[in-house]
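Listed below are the residues making up each chain.
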Amino acid sequence: MSTKHKTSLFNKKIVLQAAADSINKLNPVSLIKNPVIFIVGIGAVLTTFVVFAGIFQQAFSSFNLQIAIWLWFTVLFANFSEAIAEGRGKAQADTLRKNRTQTKARKLEGKQEFSIFATELKKGDIVVCETGDVIPSDGEVIEGVASVDESAITGESAPVIRESGGDRSAVTGGTKVISDRILVQITSEPGNTFIDRMISLVEGAKRQKTPNEIALSILLSGLSIIFLLAVVTLPAFFHYGLTASGLSLTQNLSLPVLIALLVCLIPTTIGGLLSAIGISGMDRLLQRNVIATSGRAIEAAGDVDVLLLDKTGTITLGNRMATDFIPAENVSIEKLADAAQLSSLSDETPEGRSIVILAKEKFNIRGREVHEMNAVFIPFTAQSRMSGVDLKTEGGHVQQIRKGSSEAIKTFILNNNGFYPQKIQEIVSELAQQGATPLVVAEDNKVLGVIHLKDIVKGGIKQRFAELRKMGIKTVMITGDNSLTAAAIAAEAGVDDFMAEAKPEDKLRRIREEQANGHLVGMIGDGTNDAPALAQADIGIAMNSGTQAAREAGNMVDLDSNPTKLIEVVEVGKQLLMTRGALTTFSIANDVAKYFAIIPAIAISLYSGKTGIGPLSALNIMNLGSPQSAILSAVVFNALIIMLLVPLALKGVRYRPVSANQALMRNLLIFGLGGLIAPFAGIKIIDILINL
Amino acid sequence: MTIQDFLQIALFIALLIGLTPIMGNFMSKVFNGEKHFMLPVLGWLERLTYKFIRINPDEETNWKSYTFGLLAFNLAGFLFLFLIQVFQAYLPLNPANLTNVSWHSAFNTAVSFMTNTNWQGYAGETTMSYFVQMIGLAVQNFVSAATGIAVVIALIRGISRKSTDKIGNFWTDLTRATLYILLPLSILFAVVLVSQGVVQNFNSYETVQTLQGTQQVLPMGPAASQIAIKQLGTNGGGFFNANAAHPFENPTPFSNFLQILAIFIIPAGLTYTYGRFVKSSRQGWTIFAAMMILFLAGLGISLYAEYSANPIFGNLPLMEGKETRFGITNSVLFSVVTTDASCGAVNAMHDSLSPFSGMVAMINMMLGEIIFGGVGAGLYGMVVFIILTVFIAGLMVGRTPEYLGKKIEAFEVKMAIIANLSTSFVILVFTAWASVSSYGLSSLNNAGPHGFSEILYAYSSAAGNNGSAFAGLNANTLFYNLTLGIGMLIGRFGVIIPILAIAGSLASKKTTPPSLGTFRTDNWLFIGLLISVILIVGGLTYFPALSLGPVVEHFLMNSAITF
């Protein structure tokens, strides 16, 4: 998917499409899903009816017409916000669809190969995929190894290796085999593949309201009913007031005025933007290349307060790195570095490369070409547990340079009738205690020193954890290392807790324990053995490179397979909930000003005596031009504010990693106090414009 | 206002703050089944009660059984009270030979006392026999108050427990609230009242020769015992029609002061009990503070309005409808406290209050009697607003809203909305009905906006289960007896049932331990938020109605226009 080139907030095509969609969405069947806006819709219909009735009775009212028009705009604006959020998802879905052209599959039955349409594949079928084939559906590699271009779903052009067995066996329909041949067993029913699900999710077709959204809808509907009561009883109160003032009952409130008041009071701002907020939450995750299987998952992400993080890849860079050379007695450090580099020149492991680089950086020892030096590379084997190089010197002597674990080198030295110094033994155990991995370097029968290999904690991760702590989120590092090593790394990375020598069952148990104590747990994993824990966790993010089992078990998939994503997902979840709360607060706070605009306007004649201007005009603190312009200004403001807040709904309120109290304070000032004051200014300005 | 006025208010607040932990502590012991000093004195009576009604006091139930027990008990109380009124002429202890009460008045009164409203559409001394007063009304004064306490205790249990469906045993809570809290306090208070001159006898009414030489009938009766509980249990139903303005009910400034204090001590104490149950007294004090601020704001506005110049009366202090032995400050303090706390006892005629003082009284009731509020009812009503506040503002910290570790989800929001809707439905719909119908308008004694205020006040009083009245309205008619009665029922059980449902739902949830990411509900920010939500939600609902009543009346008064 083309998430790499982000869809800009308002792309012309999307906006035009959304404008058209907002009219289609006037269909009552789709409108009723949003009760607040549905009420506005009914109000618009009734007001329009009153306008036409007026025309037929030769009593056309331009005021009523304007109210009707702005009520329709209110509905359209709300529809537009939803349509534009959906439109951005649809644009992404279309890109996906293009990649899923009518693929043919090479189905294998016994030894026979049949060519069928990919859509006819069933779960359990086995297909052959060779260089250039598009993998027809989701499945598991059961034989062979191939490099696969997954750019269609991840946007990442570098191919990835997929092989049978192990944790890299899952393949996704729509991706392309670049080399080699694999047999794939199909794991999903037609129409329910990963890409199908992605399309339906981003399009919002299957979007169901999330628990928090439902609760908020109930609150908004409840408030609407309360305001409905306040408005429908008003004519009766006016009936009393008019009688007591000796005025004619024909002056009682008209239907359009009552509807205008109702629409201004019910929470249309949040009501109109609610689904846009939800859809764009999903969208923001997608932009980070994470796909959630449900909106519920994103919401839960905001609630997570314990994160289980694998050490390798999340907290530390994937591999250990050489950080230091410690020479043995009577050996110069340059000599050690030189030998260490020689022994590693042909060592393509990350550890080996890091030794070459360290020697170069520290002592400016350049890498040499092994074959030019008449050298033979001795690779690491499970038996010898060391690697190195044999150099033929001028005298015909073969110089043996080795590096390996202290036991392996000790055996090597003793076999060469050498002496293994006590001092080296001490250095080795000291390094091990610090959580590092010592590698001993030897030349023939002499120990040269020790290479300090260390887990490198990712840059900036400590600060990230500190931020999480501020947000009240506890981090737990999971590692297979022994507790000494684990403790050292945990301290360096600044995690709150760690689990050493952790087996998959331990992870599952830990998650259950945390949950029993009322915590919500998030974790990220890739292996099949992570599947139970992923399923148990409240937020389980499976890496796209992981197994099918892991991807099925989690409720999100990270297309980049980047373990640090978990933290970003939590932020997106929090941002989603914050945006909802902020706009709800804003919406309710708005009502105060609207009352001060409308009540004095509609009650101006009550108890007015001969002047025609009653005592309640004292409540007209905004000094609005006329009763009609006051009502109209409130309605116009109410409609426009939805449009003005669409960008905020789509982008979400600004998120900062601060404590709950600070976040609340900030949002309250902007949306609570702002929501109280903004409409006073807005209504006044609109009123001035109307009365120009 | 004089310095004495300020000192007296300060003393009142200081005593209230001082008594809150004492009362709260004691009540939490009573309902937790812990040892307390009343146990040796009345424990035998409690055990006897359980034996008599055949229940196991330790057997707890889920919220549905709790609610069922509560409703059954209240229904029985209602029927009994209704029947003894319509047949009182045939029953004993009726020295004044009062006749049977009309069915609709009896319905209204039975509902009124069963719901802790104590709205009185009748005049006590000329309508109710001693038998009805003592066996019927006084008993309901106790048990309706105990019902309110039981509900809030069940709610607190729901909040403080986790992963269970049990919220307590209604019969146990009811018995303990009556025996250990209401009964001893009432006895103590009644004795003090008698010392101040409140009557307590079974004599028939006395006829005396006044100084002007005319004959006057002085009503008698067992007043002190009923007055004690009517204040403590925030019932407010007066023994005499003039309620606490009557010299036999409230003879001295000292008795007046104690009666005001008595209204608040249990509701205030319950906030501390709350803190004890949830193991954070800060949480309790937070609620106390929110209530106190709302109380002081109302009192301030009310005092200001009452002491302000009124052009119609040549800018003299407004003494109409007030007792000279109490004066303005004590009358206003009483009016604010009694409407805050759903008590409804009055020592001055609220109908004569200045428009804004009357409006403060109305707002106090419209908000749902949550400013200390009725015994139990105030706190559980406040929890409704807490849930709304937590839900609206809690989202802004980026988590599913939670209160004391409990997630606030769709069900709780729905129930809170229903509770809120019950009150506003009664006030708005019935007021609208009464203000356009001939049978509603014919009861009015005042024209103009004040007449409208009288209707609005009556339904606010019914919905909030307050019971005080703008006396200008003749409410003893078929229409008002029925609509007010129905209003009281909706205002009471339309809140209690959702609250118990919330208790059940919260009890079954897990408790999330607090962290830095948790929305704090025990600091000043939360107090401010809670007050804002109360005022905005409450204000938005009633602003139109209020502006057509007291607000417009205020402006008219300042332009010296009367009706």
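Reading guide: rules and limits
- Residues numbered from 1 in each chain as written.
- Chains lettered and ligands numbered in written order.
- Predicted model: local features only at pLDDT ≥ 70, side-chain atom pairs only at ≥ 80, totals over all residues.
- Heavy atoms only, no water.
- Helix = DSSP H or I, 4+ residues; strand = E, 2+ residues; numbered from the N terminus.
- Rg over C-alpha atoms; globule rule 2.2 N^0.38 Å.
- Buried < 20%, exposed > 50% of the residue type's maximum accessible area, 1.4 Å probe, protein only.
- Areas by Shrake-Rupley, 256 points an atom, 1.4 Å probe, with all protein chains shown as cover.
- Lys, Arg positive; Asp, Glu negative; His and termini not counted.
- Charge placed at Lys NZ, Arg CZ, Asp CG, Glu CD.
- Salt bridge = Lys/Arg side-chain N within 4 Å of Asp/Glu carboxyl O.
- Core = buried A, V, L, I, M, F, W, Y, C linked by side-chain atoms within 4.5 Å.
- Contact = heavy atoms within 4.5 Å.
- Buried area = accessible area lost by both parts, 1.4 Å probe.
- Pairing = 2+ DSSP bridges.
- Right-handed = clockwise from strand over helix to strand, strands pointing away.
- Axes fitted to C-alpha atoms, helices over the stretch in contact; angles between N-to-C directions.
- Parallel < 35°, antiparallel > 145°, perpendicular 65-115°, else oblique.
- Left-handed = near helix turned anticlockwise from the far one by under 90°.
- Nonpolar A, V, L, I, M, F, W, Y, C, P; charged D, E, K, R; others polar.
- Phe/Tyr/Trp six-rings, centres within 6.5 Å; stacked < 30°, edge-to-face > 60°.
- Expected span 1.5 Å × (residues − 1).
- Polar contact = N/O pair within 3.5 Å; in protein donor to acceptor, adjacent residues only side chain to side chain.
- pLDDT = per-residue confidence, 0-100.
- Patch = residues over 30% accessible without salt bridge, like charges linked within 9 Å, V, L, I, M, F, W, Y side chains within 5 Å.

J.: Looking at this model, I keep getting lost on the overall build of chain B. Mind explaining?
T.: Across its full length, chain B holds 18 helices and 4 strands. Whereas a compact globule of 563 residues would reach a radius of gyration of roughly 24 Å, chain B reaches 23 Å, a difference of no more than 12%. Considering only C-alpha atoms, chain B reaches an extent of 75 × 60 × 50 Å along its principal axes. The 563 residues of chain B split such that 65% are buried. When the accessible surface of chain B is summed, it comes to about 18,700 Å², and 67% of that surface belongs to carbon and sulfur atoms. A gap of 16 Å separates the mean positions of the 25 positive and 23 negative side-chain charges of chain B.

J.: Help me understand the pattern of salt bridges in this model?
T.: Opposite charge on two side chains permits them to pair, given that their charged atoms come into close proximity. All names here are of chain A. Applying the stated rule across the entire model yields 39 salt bridges over all chains. D496 is the partner of R469 in a salt bridge, and the nearest nitrogen-oxygen pair spans 2.7 Å. With a gap of 27 residues between them, R469 in helix α17 (residues 461-470) and D496 in the loop between α18 (483-493) and β19 (497-499) connect regions that are remote in the sequence.

J.: Looking at this structure, how should I read unusual backbone geometry?
T.: Peptide bonds are, in most cases, trans, and in most cases residues other than glycine have a negative phi. All names here are of chain B. Positive phi, close to 45°, is recorded for T234, a residue that is not glycine. Relative to the assigned elements, T234 resides in the loop between α8 (223-232) and α9 (253-277). Backbone geometry places L404, a non-glycine residue, at a positive phi of 50°. Positionally, L404 belongs in the loop between β3 (402-403) and β4 (406-407).

J.: Mind showing me how you'd approach helix α9 (residues 255-265) of chain A here?
T.: The buried count for α9(A) comes to 10 of 11 residues, which makes it a mostly enclosed element. Taken together, the buried positions of α9(A) are occupied by P256(A), V257(A), L258(A), I259(A), A260(A), L261(A), L262(A), V263(A), C264(A) and L265(A).

J.: Help me understand the nonpolar core, please; the structure alone is not making it clear to me.
T.: Soluble, globular proteins show a tendency: their nonpolar side chains are buried together. M556(A), I602(A), F12(B), I266(B), F295(B) and F372(B) are the most contacted members of the largest nonpolar core, which has 315 residues in total. For this core, the element with the most residues is helix α22 (residues 565-602) of chain A, which contributes 18 residues. Counting residues in hydrophobic clusters, the runner-up holds 38 residues, among them M386(A), F412(A), I413(A) and V441(A).

J.: Help me understand the interface of chain A and chain B, please; the structure alone is not making it clear to me.
T.: If you look at the interface, chain A gives 64 residues, while chain B gives 61 residues. Summing both partners gives a buried area of about 5,300 Å² for chain A against chain B, and 78% of it is carried by carbon and sulfur. Per-residue buried area on chain A facing chain B is highest for F237(A), Y240(A) and Y607(A); these three make up 14% of the total on that side. Inspection of the region where chain A meets chain B yields 0 salt bridges.

J.: It is not clear to me how the pairing of strand β21 (residues 539-543) of chain A should be interpreted in this structure. Could you clarify?
T.: Consecutive side chains along a regular strand alternate between the two faces of the sheet. Residue and element names in this part refer to chain A. The element β21 is largely enclosed, with a buried count of 5 among its 5 residues. Alternating residues of β21 divide into I539, I541 and M543 and G540 and A542, and every residue in both groups is buried. Bridge count between strand β20 (residues 521-525) and β21: 4 bridges; the pairing is parallel. Note that in β21 the partner of G522 across the bridge is I539. Where β21 lies against strand β22 (residues 556-558), 3 bridges are found, and the strand directions are parallel. Looking across to β22, one finds that I541 is bridged to M556. Between the parallel elements β21 and β22, the chain passes through helix α21 (residues 548-553) in a crossover that is right-handed.

J.: What is the right way to look at the packing of helix α1 (residues 3-32) of chain B against helix α11 (residues 327-340) of chain B in this model?
T.: Each pair of packed helices can be described by the angle between their axes along with the distance between the axes. Residue and element names in this part refer to chain B. As a packed pair, α1 and α11 sit with axes 10 Å apart at the nearest point and diverge in direction by 30°. One way to sum up the angle between α1 and α11 is to call them roughly parallel. Crossing hand, α1 versus α11: right-handed. Between α1, through D5, Q8, I9 and F12, and α11, the contact on the second element is made entirely by T329, N330, L333 and V337. Residue composition of the contact of α1 with α11, grouped by class: 4 nonpolar, 3 polar and 1 charged.

J.: Before we go on, may I ask you to explain the packing of aromatic side chains in this structure?
T.: Working definition: an aromatic ring pair is given by the centre-to-centre distance plus the angle between the planes. One pass over the full model with this rule turns up 35 aromatic pairs over all chains. Between F325(A) and F363(A), the aromatic rings sit 6.3 Å apart at their centres with planes inclined by 40°, giving tilted as the arrangement. Here F363(A) lies in helix α14 (residues 350-363) and F325(A) lies in strand β12 (residues 316-327), a separation of 38 residues in the sequence. By relative accessible area, F363(A) is classed as partly exposed at 23%. Through a chain of ring-to-ring contacts, the aromatic side chains of F12(B), F257(B), F264(B), Y272(B), W285(B), F288(B), F295(B) and F372(B) assemble into a single cluster.

J.: Got a minute to help me understand the sheet that holds strand β8 (residues 176-179) of chain A in this structure?
T.: Strand pairing in a sheet relies on backbone hydrogen bonds, with the paired strands running either antiparallel or parallel. All names here are of chain A. Taking strand neighbours across the sheet as the criterion, the 3 strands line up as β6-β5-β8 in an open arrangement whose pairing is antiparallel. Edge positions in the sheet fall to β6 (160-163) and β8, since each has one partner strand and no second. Going across the sheet, the axis of each strand differs from the next one's by a mean of 50°, ignoring polarity. Relative to β6, strand β5 (residues 145-149) runs antiparallel, the two being bridged by 4 bridges.

J.: Just checking my understanding: could you explain helix α13 (residues 377-394) of chain B for this structure?
T.: The α-helix winds at 3.6 residues per turn, so residues separated by three or four positions along the chain end up facing the same way. A rise of 1.5 Å per residue sets the reference length of α13(B), with its 18 residues, at 26 Å; its end C-alpha atoms lie 25 Å apart and thus fit the reference within 8%. Within α13(B), 18 of the 18 residues are buried, which leaves the element mostly enclosed by the surrounding structure.

J.: When you look at the side chain of N364(B) in this model, what are you seeing that I'm missing?
T.: All names here are of chain B. Along the chain, the position of N364 falls in helix α12 (residues 355-366). When its relative accessible area of 3% is taken as the criterion, N364 is described as buried. At 3.1 Å, the side chain of N364 forms a polar contact with the side chain of D340.

J.: Sorry, what's going on with the side chain of N116(B) here?
T.: Residues and elements named next belong to chain B. When you line up the elements, N116 lands in the loop between α4 (103-114) and α5 (124-127). Overall, N116 belongs to the buried group, its relative accessible area being 2%. A polar contact is formed between the side chain of N116 and the side chain of N235, at a distance of 2.7 Å. When residues no more than four places from it in sequence are discounted, the contact partners of N116 are S144, A145, G233, T234, N235, S342, N465 and R492.

J.: Can you help me understand the pairing of strand β9 (residues 182-186) of chain A in this one?
T.: Residues and elements named next belong to chain A. Extensive coverage of β9 is indicated by the burial of 4 of its 5 residues. As judged from the 4 bridges shared by strand β3 (residues 126-129) and β9, these two strands associate in the antiparallel manner. Looking at the pairing, V127 lines up with V184 of β9. In the sheet, strand β4 (residues 139-143) pairs with β9 via 4 bridges, with the strands oriented antiparallel. Its bridge partner lying in β9, E140 is registered against Q185.

J.: When you look at the sheet that holds strand β1 (residues 104-109) of chain A in this model, what are you seeing that I'm missing?
T.: Residue and element names in this part refer to chain A. One open sheet accounts for 6 strands, arranged β2-β1-β3-β9-β4-β7; its pairing is antiparallel. Sheet topology places β2 (112-117) and β7 (170-171) at the edges, where each strand pairs with a single neighbour. Where β1 meets β3, 2 bridges bridge the pair, whose relative direction is antiparallel. Following the sheet pairing, L108 is matched in β3 by I126.

J.: Before we go on, may I ask you to explain the confidence of the model for chain B in this structure?
T.: Caution applies to low-pLDDT parts of the model: their predicted coordinates are not meant to be read in detail. The share of residues in chain B with pLDDT of 70 or more is 98%, and the mean pLDDT across the chain is 91. For this predicted complex, the interface score ipTM comes out at 0.93, alongside a pTM of 0.87.

J.: Please clarify how the environment of I116(A) should be interpreted in this entry.
T.: Mapped onto the elements of the fold, I116(A) is located in strand β2. Contact partners of I116(A), with chain neighbours within four places excluded, come to T103(A), K104(A), A105(A), K107(A) and L121(A).

J.: Help me understand a nonpolar patch on the surface, please; the structure alone is not making it clear to me.
T.: Residues and elements named next belong to chain A. Among the surface-exposed residues, F52, I55, F56, F60, L65, I69 and F73 lie close enough to one another that they form a single nonpolar patch of about 690 Å² accessible area. Contributing elements (two or more residues each) for the nonpolar patch: α3 (35-56) and α4 (62-99). With respect to the helices, strands and loops of the structure, I69 is situated in helix α4. Residue classification places I69 among the partly exposed residues on the basis of a relative accessible area of 38%.

J.: Where do I start with the environment of S547(B) in this structure?
T.: Here S547(B) is to be found in helix α18 (residues 524-558). For S547(B) and M359(B), which are 188 residues apart along the polypeptide, the C-alpha to C-alpha distance reads 9.7 Å. Sequence-distant contacts of S547(B), that is, excluding residues within four places in its chain, are made with I599(A), L616(A), L619(A) and V552(B).

J.: Whenever I open this one, the packing of helix α7 (residues 170-196) of chain B against α8(B) confuses me. Can you help?
T.: Residues and elements named next belong to chain B. At a minimum axis distance of 8 Å, the contact between α7 and α8 shows a crossing angle of 125°. Taken together, the axes of α7 and α8 are oblique relative to one another. Of the two elements, α7 crosses α8, and the hand of that crossing is right-handed. Taking contact as the criterion, the partners of L182, L185, S186, F189, A190, L193 and V194 in α7 are, on α8, A224, S225, I227, A228, I229, Q231 and L232.

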